[in-house]
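Examination of the molecular architecture
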Amino acid sequence: MSFVFVPVKPVPQHYKGLTMLNWMKRLVAAGAMALAVTTTTGALVSPAYAADDKKPAVTAPAAAPGAPAAAPSADPAPTPNKADTTWMMVSTALVMLMTLPGLALFYGGLTRSKNVLSVLMQCMVVFSLVAVLWAIYGYSFAFTEGSAFFGGLDRLFLSGLTPESNAATFSKGIVIPELSFMAFQATFACITCCLIIGAFAERAKFSAILLFMILWFTFSYLPIAHMVWFWAGPDGIKDAASLEAVTNSAGWLWQKGILDFAGGTVVHINAAIAGLVGAYVIGKRIGYGKEAMKPHNLVYTMVGASLLWFGWFGFNAGSALEANGTAALAFATTLLATAAAVLGWTLSEWMTKGKPSMLGAASGCVAGLVAITPAAGFVGPMGAIIIGFVAGVLCLWGVSGLKRMLGADDSLDVFGVHGVGGIVGAILTGVFADPALGGAGIYDYVANAVATEYSIGSQVFIQAQGVVVTLIWSGVVAFIAFKIADMVFGLRVKEEEEREGLDINSHGESAYET
């Protein structure tokens, strides 16, 4: 039997570009292709250009007196619902809050006082850089039709994107303004890049970080987002044949049937492995393992974790793309999984170390948020609690036992929390999405109902494929990007600058007057 998998992100409707913009598209495409040849080994299928010609509108002549009445017109095109539109704009603002100031404060509190401003600066500038790149080419490469691995050129420079442009959702006949979808997805790209910073905090050159982010965003984030989330929307699905056509035009991992509601693979695993590679390539901090490198302000860290939890409701519930029951489910599972993870981490730390810590509770909070991200709209409340608790326990091991095994100086435990938590969440999504365990199951857009069959084993295998592909793809791209940044700028600051601190040496200011 054939059935379609529940979508994770919609693909917007496409419009024809202007002639002049198409020449600009060709120039940008040529530059992107040249850069791809020098930095990656995989071949990409060249996407087709949007049509250059625009036919003028034709006005029908007025009917002659006594002429027969015209045939009834087709159903009008759907228009956005104001509640859905409002929810998407609020969700976008909430996701931005997660980075600025949520993630910045969380990371800033974990660093030593001489480096706190460098982390805040990196978050602010990387967020801004990626937002601009997203508008220039990122959105087009991620969410327009091209190959199974990379999108096309229809939306370069946001060509043809107007207030009247609409994007599909998960419901047939329901749309949202495409501008809201574009902005929402931009904040996802921005926070993903900012997550990487924590793995090599306190020792990397600012210029090298920016160059790395441009390369990694282009050749890792965009193709993985396209592979996992791109599809043509549900409106064209009428029967098995149209389902097959829509599926064949989707991203590669989407075609396989991966379930990733809000970014377990695209955001967390993607960023975590890139950060781990960076920790290896850049090397350990001076004095690591010999000197105390304690967080300088756990109040910042607690406030940052709380802002992340608050903003994550937009991150997960906003990924429903509608103000509906699925959004409510994602909202509830985000609340419950995170609470369970705080308890799981705290109890495990209490039992193994004798005392529960504020740092542990804040880290458990983030671990739960990470783990529920791919599952938020697919699993039920009880499944969410189990996922969160398991993530809290395993991520504590990730920042202790696993970290020692890996031997890398992952400064702020990006892989231990986002990598381990993302993998746990991605795999357990395949388990607890089963309707028999309270999950939402897989929706059949031909029958317009939840599929009657669900195989945990088959879905977990698909989820595992997504995890492995993301780890390998992002890891290879990150290694190449770091090497290029090292050749151009050098990755590390000088030893005396690292000892004195990046705040004063890289940015000419300090957070605290002495």
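Relevant structure appears above.
Computed from a predicted structure; not experimentally measured. (Residues numbered from 1 in each chain as written. Predicted model: local features only at pLDDT ≥ 70, side-chain atom pairs only at ≥ 80, totals over all residues. Heavy atoms only, no water.)

1. Quick word on the nonpolar core
Trp134, Phe188, Phe212, Trp216, Phe217, Tyr221 and Phe315 are the most contacted members of the largest nonpolar core, which totals 138 residues. Of all the elements, helix α5 (residues 206–229) adds the most residues to this core, at 16 residues. Those residues in contact with Phe315, other than ones at most four positions away along the chain, are Val95, Met98, Phe184, Phe188, Ile191, Ala262, Val267, His268 and Thr373. (Core = buried A, V, L, I, M, F, W, Y, C linked by side-chain atoms within 4.5 Å. Buried < 20%, exposed > 50% of the residue type's maximum accessible area, 1.4 Å probe, protein only. Helix = DSSP H or I, 4+ residues; strand = E, 2+ residues; numbered from the N terminus. Contact = heavy atoms within 4.5 Å.)

2. Remarks on helix α10 (residues 325–353)
Here α10 is 29 residues long and its end C-alpha atoms lie 42 Å apart, about the 42 Å a rise of 1.5 Å per residue gives. The distance from a side-chain oxygen at the start of α10 to the backbone nitrogen of Thr326 is 3.2 Å, and the residue carrying that oxygen is Asn324. Gly354, located one to two residues past α10, shows a positive phi value of around 90°. (Expected span 1.5 Å × (residues − 1). Polar contact = N/O pair within 3.5 Å; in protein donor to acceptor, adjacent residues only side chain to side chain.)

3. A look at empty space enclosed by the protein
Remark: the empty space left among the atoms is shown by a probe the size of a water molecule rolled over them. Inspection of every chain in the model, using the stated rule, returns 4 cavities of 30 Å³ or more. Estimates place the volume of the largest cavity at around 70 Å³. Every residue lining the largest cavity is listed: Leu276, Gly398, Val399, Lys403, Leu406, Ala408, Asp410, Asp413, Phe415 and Gly416. Listed by contribution, the elements that provide at least two residues to the lining of the largest cavity are α13 (401–406) and α14 (414–432). Among the residues making up the lining of the largest cavity, the classes are represented as 5 nonpolar, 2 polar and 3 charged. In this structure, the second largest cavity encloses a volume near 50 Å³. Lining the second largest cavity are Leu103, Phe106, Tyr107, Ile191, Leu195, Leu308, Trp312, Val366 and His418. Elements represented by at least two residues in the lining of the second largest cavity include exactly α2 (82–110), α4 (178–196) and α9 (298–317). When residues of the lining of the second largest cavity are assigned to their parent elements, the largest contribution, 3 residues, is made by α2. Here the lining of the second largest cavity is composed, by residue class, of 8 nonpolar, 1 polar and no charged. (1 Å grid on protein atoms, 1.4 Å probe; cavity = no way out; pocket = protein on both sides within 12 Å on 5 of 7 lines; lining within 4 Å. Points joined across faces, edges and corners; volume = space filled by probe spheres on them. Nonpolar A, V, L, I, M, F, W, Y, C, P; charged D, E, K, R; others polar.)

4. Observations regarding the side chain of Thr85
Within the secondary structure, Thr85 sits in helix α2. By relative accessible area, which is 15% here, Thr85 ends up buried. Ignoring any residue separated from it by four or fewer positions in sequence, one finds Thr85 in contact with Pro80 and Pro177.

5. A look at the pattern of salt bridges
By the definition in use, this model includes 9 salt bridges. Residue Arg112 is joined to Glu202 by a salt bridge in which the shortest nitrogen-to-oxygen separation is 3.2 Å. With a gap of 90 residues between them, Arg112 in the loop between α2 and α3 (116–143) and Glu202 in the loop between α4 and α5 connect regions that are remote in the sequence. Glu202 shares its class with Arg112; the two are buried. Each of Arg112, Glu202, Arg203, Arg285 and Asp409 takes part in a single network of salt bridges with overlapping partners. (Salt bridge = Lys/Arg side-chain N within 4 Å of Asp/Glu carboxyl O.)

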